[in-house]
Amino acid sequence: MQLRQVRVWDLGVRGFHWGLVICVAIGAVTGFLAGRDWLGIHVIAGSTIAALLIFRLIWGWLGSRYALFQSFPLSLRAVRHHLSPAGRGEHHLGHNPLGAVMVYALIGVLALILLTGAVALGGVVKQGPLAFLMSFATGIQARSLHNALAIGLLVMIAAHLGGVVLESWRGRQNLARAMVTGLKESAEAPQSAPVAGHPWIAGLAVAVAAAVLVPGTLALNALPGRGVPPPALDAAYVRECGGCHFAYPPSLAPAQTWVAVMDGLDDHFGENATIDSATATVLRGWLADNSSEHWDTRPAVTLRTTDPAQPQRITAAPAWTRFHRRIAEAVFKSQAVGAKGSCGACHHDASTGRFDPQQIAIPAKAFQ
Amino acid sequence: MIKMIPVLSFAVLCASATLAISAPGAGQQTVLDRYAAEAKAAAPAFAGFSAERGKAFFLAHPASGKPDTPSCTTCHTADARQIGHSRAGKEIGPLAVSATPDRFTDIAKTEKWFTRNCDSVLGRACTAAEKGDFITFMVSQ
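Just so it is clear, the model here is predicted, and its values are computed rather than measured.

Q: In this structure, what is going on with helix H6 (residues 128-140) of chain B? I would like to understand it.
A: Three or four residues apart is the spacing at which side chains of an α-helix point the same way, because the helix has 3.6 residues per turn. All names here are of chain B. With 13 residues, H6 ought to run about 18 Å at 1.5 Å a step, and its terminal C-alpha atoms sit 18 Å apart, in line with that. Across the 13 residues of H6, ten count as buried, placing the element largely inside the fold. Within H6, the full set of buried residues consists of Ala128, Glu130, Lys131, Gly132, Asp133, Phe134, Ile135, Phe137, Met138 and Val139.

Q: What should I look at first to understand empty space enclosed by the protein in this one?
A: The method is simple in principle: a probe with the dimensions of a water molecule rolls over the atoms, and the space it marks as empty is what remains. Taken as a whole, this structure holds one cavity of 30 Å³ or more when the rule is applied. Of the residues that make up the lining of the largest cavity, three or more belong to each of domain 1 (4-221) and domain 2 (235-367) of chain A.

Q: Is there a simple way to think about the state of the cysteines in this case?
A: Here, disulfide denotes a covalent bond that connects the sulfur atoms of two cysteines. All names here are of chain B. Across all of its chains, the model carries one disulfide over all chains by this definition. The side chain of Cys118 participates in a disulfide bridge whose partner is Cys126; the two sulfur atoms lie 1.9 Å from each other. Handedness here is read from the sign of the S-S torsion; for Cys118 and Cys126, about -100°, the answer is left-handed. Comparing Cys118 with Cys126, the two get one shared label, buried.

Q: Looking at this model, I keep getting lost on the domain arrangement of chain A. Mind explaining?
A: Accessible area lost upon the coming together of the parts is a frequently used measure of interface size. All names here are of chain A. Along its sequence, chain A is organised into domain 1 (4-221) and domain 2 (235-367). On a C-alpha basis, the centres of domain 1 and domain 2 stand 45 Å from each other. Carbon and sulfur atoms make up 53% of the area that domain 1 and domain 2 hide from each other, which totals about 960 Å². Three residues stand out in domain 1 for area buried against domain 2, namely Arg36, Lys126 and Phe136, and they jointly supply 51% of the buried area on that side. There are one salt bridge connecting domain 1 and domain 2. Between Lys126 and Asp296 there is a salt bridge, with its nearest N and O atoms 2.8 Å apart. Taken together, the connections running from domain 1 to domain 2 amount to six residue pairs in polar contact (both at pLDDT 80 or more). Elements represented by at least two residues in the side of domain 1 that touches domain 2 include exactly helix H2 (39-62) and helix H6 (136-171). Class assignment for the residues of the side of domain 1 that touches domain 2 results in five nonpolar, three polar and four charged.

Q: Got a minute to help me understand the pattern of salt bridges in this structure?
A: Pairs can form between side chains of opposite charge once their charged atoms are near each other. Residue and element names in this part refer to chain A. Inspection of the entire model under this criterion finds 17 salt bridges over all chains. Close ionic contact of Lys333 with Glu329 constitutes a salt bridge, the shortest N to O distance being 3.7 Å. Taken as a pair, Lys333 and Glu329 lie in helix H14 (residues 329-333) at a separation of four residues, close to a single helical turn. By relative accessible area, Lys333 is classed as exposed at 63%. When its relative accessible area of 42% is taken as the criterion, Glu329 is described as partly exposed. Glu329 serves as the salt-bridge partner of Lys340, at 3.3 Å between the closest nitrogen and oxygen. Linking Lys340 in the loop between H14 and helix H15 (343-346) with Glu329 in helix H14, this pair joins segments that are eleven residues apart in sequence.

Q: Is there a simple way to think about the packing of H2(A) against helix H5 (residues 97-124) of chain A in this case?
A: Relative orientation and spacing of two packed helices are given, respectively, by the angle between their axes and the distance between those axes. Residue and element names in this part refer to chain A. Closest axis-to-axis distance for the H2/H5 pair is 10 Å, and the angle between their directions is 140°. As judged from the angle between their axes, H2 and H5 are oblique. Classified by chirality, the crossing of H5 by H2 is left-handed. Seen from H2, the contacting residues are Leu39, Val43, Gly46, Ile49, Ala50, Leu53 and Arg56; seen from H5, they are Ile107, Leu110, Ala111, Leu114 and Leu121. Within the contact of H2 with H5, the residues separate by chemical class into ten nonpolar, one polar and one charged.

Q: Teacher, can you tell me more about the environment of A:Phe246 here?
A: Locating A:Phe246 in the fold gives a position in the loop between helix H9 (235-241) and helix H10 (255-263). Considering only alpha carbons, one finds A:Phe246 and A:Gly344, 98 residues apart in sequence, at a separation of 6.7 Å. In this structure, A:Phe246 is in contact with A:Cys241, A:Gly341, A:Cys343, A:Gly344, A:Ala350, A:Ser351 and B:Lys90, ignoring residues within four places of it in sequence.

Q: Whenever I open this one, the confidence of the model for chain B confuses me. Can you help?
A: One rule of thumb: low pLDDT means the predicted coordinates there are not for detailed reading. When the pLDDT values of chain B are averaged, the result is 89; 84% of them are 70 or greater. Scored as a complex, the prediction yields pTM 0.87 and ipTM 0.81.

Q: Would you mind going over the interface of chain A and chain B with me for this structure?
A: On the side of chain B, 15 residues touch chain A, which itself brings 21 residues to the contact. Approximately 1400 Å² of surface area, both sides summed, lies buried where chain A meets chain B, with 42% of it carried by carbon and sulfur atoms. Looking only at chain A, the three residues that lose the most surface to chain B are A:Cys244, A:Glu271 and A:Asn272, adding up to 36% of its buried area. Inspection of the chain A/chain B interface yields four salt bridges. Here B:Lys66 and A:Asp267 are joined by a salt bridge, their closest N and O atoms 3.8 Å apart. Where chain A packs against chain B, one counts eleven residue pairs in polar contact (both at pLDDT 80 or more). Here the side of chain A that touches chain B is built from residues that sort into seven nonpolar, nine polar and five charged.

Definitions and cut-offs
- Positions within a chain are numbered from 1, following the residues in the order the chain's sequence is written.
- As a convention, the first chain written is A and the first ligand written is 1, with the rest following in written order.
- Side-chain atom pairs in this predicted model are given and counted only at pLDDT of 80 or more, local residue features only at pLDDT of at least 70, and totals for whole chains, interfaces and linings cover all residues.
- Excluding hydrogens and water, the side-chain values take into account all heavy atoms of the structure.
- Going along the chain from the N terminus, every DSSP run of H or I of four or more residues is numbered as a helix, and every run of E of two or more is numbered as a strand.
- By this rule the span expected of a helix is its residue count minus one, scaled by 1.5 Å.
- Relative accessible area decides the class of each residue, using a 1.4 Å probe on protein chains only: under 20% of the type maximum gives buried, over 50% gives exposed, and in between gives partly exposed.
- Buried and open spaces are told apart on a 1 Å grid over the protein atoms alone, a cavity being a set of points where a 1.4 Å probe fits but cannot get out and a pocket being an open set with protein on both sides within 12 Å along at least five of seven lines. Residues with an atom within 4 Å of a point are the lining residues.
- Grid points are joined across faces, edges and corners, and a volume is the space filled by probe spheres set on the points.
- The split into domains, and so the bounds of each, comes from an automatic or database assignment of domains.
- A pair of sulfur atoms, both from cysteines and within 2.5 Å, is called a disulfide here.
- Note: buried area is the sum, over both parts, of the accessible area (probe 1.4 Å) each one loses when the two are combined.
- A carboxyl oxygen of Asp or Glu within 4 Å of a side-chain nitrogen of Lys or Arg is what we treat as a salt bridge.
- Polar contact criterion, stated in full: a pair of N or O atoms within 3.5 Å, where within protein one must be able to donate a hydrogen and the other to accept it, and residues adjacent in sequence count only if both atoms are side-chain atoms.
- Amino acid classes used here: Ala, Val, Leu, Ile, Met, Phe, Trp, Tyr, Cys and Pro are nonpolar; Asp, Glu, Lys and Arg are charged; the rest, including Gly, are polar.
- Angles shown run from 0 to 180 degrees and are taken between the N-to-C directions of axes, each axis being a line fitted to C-alpha atoms and, for helices, limited to the stretch in contact.
- Under this scheme an angle from 65 to 115 degrees is roughly perpendicular, one under 35 degrees roughly parallel, and one over 145 degrees roughly antiparallel; angles in between are oblique.
- Take the far helix as the reference: if the near one is turned anticlockwise from it by less than a right angle, the crossing is left-handed, and if turned clockwise, right-handed.
- Contact definition: two residues touch when any of their heavy atoms are within 4.5 Å.
- Known as pLDDT, the predictor's confidence for each residue is given on a scale from 0 to 100.

Have a look at this one:
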């Protein structure tokens, strides 16, 4: 019996596989280990995975022989046969029936992770194509699902690696290397007419998909996020309330806070901060119309619950304390920051009320 | 004698430049005129503002206001040409007109801050004379 090298995995399958390995690794590291400010990279990894999956779906119809979905159908009977003593001796050049189950399961779980990720991104931080649609509450639920699915994916990856080791040992050949070179050893007679695939048509299909999906996603990204306040603050508010500190966007606190602040301006945190009564009336109305109850951003929802002992302090709200628990007192007191209430010192989009994770940068001087 | 002319004119130039720096600009003069009229109405013996009195007022710790704001210098620092800091940590541009030329040119703004800060530091409103002295001092800085 003569063993010959057969090209099993074409460039499309190998590129997809290793591209996925890299993106999933980046997604897992940025998702599980890195802080919130890595969200941008995490989203890029996810978007690339989406592109890879779309390519793989196309390649499953238009790729070469072992890339085709029809070459590894999802079949319980085949799995049972594969695991029975009779099936043990059989060779599978492409995916064996158990491997096929794993491929479809991985693709399915990845698709769900992308979907829940997009819902979470849209709802929680009001970014991405679903920001216009998703509420904060839905986003939080999607985030929990996204996390659970990601843990499930890690388990599946472990099982996949175990399977590769086991099958490599059973079949006496290095399957990981085969996914690099594309070559496997086979005793079978050369296939009469290997299906070579249709790379040009597949390329065209990918181009068409990109031409629809990329501008479509960008257009959705550009829609105003659901429950996101307009970025500009009232000019009189900034003038009157921005002299001593950062002018807090009204979406950061509930109406109760603003009423208490406006009622107590003659002794405002130990200072006189009075405003002429005509302007004060206008500002009261504007604050009431724009308090956190009217918006659905993360700060608006989480900071809505204030500290009952000091309802005027945004920085005393339980969620505020939780978000900033890892930041040392000295950082807040440094000249570069000034106080806990200097939101804009670290959040570069603070005046818009969005507080995007990617917009956080604690000034280096604050650590000196 | 002819030779002295350039020297003399240079001296005149220097003197007028110094005057120009410490003299109130048109904007500050309008505000000062208003406080002068108020001061005269309150006390007919009013004989003009004094940068010296303004300086003493600026540096004083009157101990009659709110505990967190014992003095104007709490926020504006003892050197009016320096950047100050509010109690909330925000930078305050210098009050000295040489450092911030548009200080005391908008009567509504100036009045608003006198109302707030005098109450915080002194526990009462400032008189027109105190305001005028204060601005005169800041113009000289």
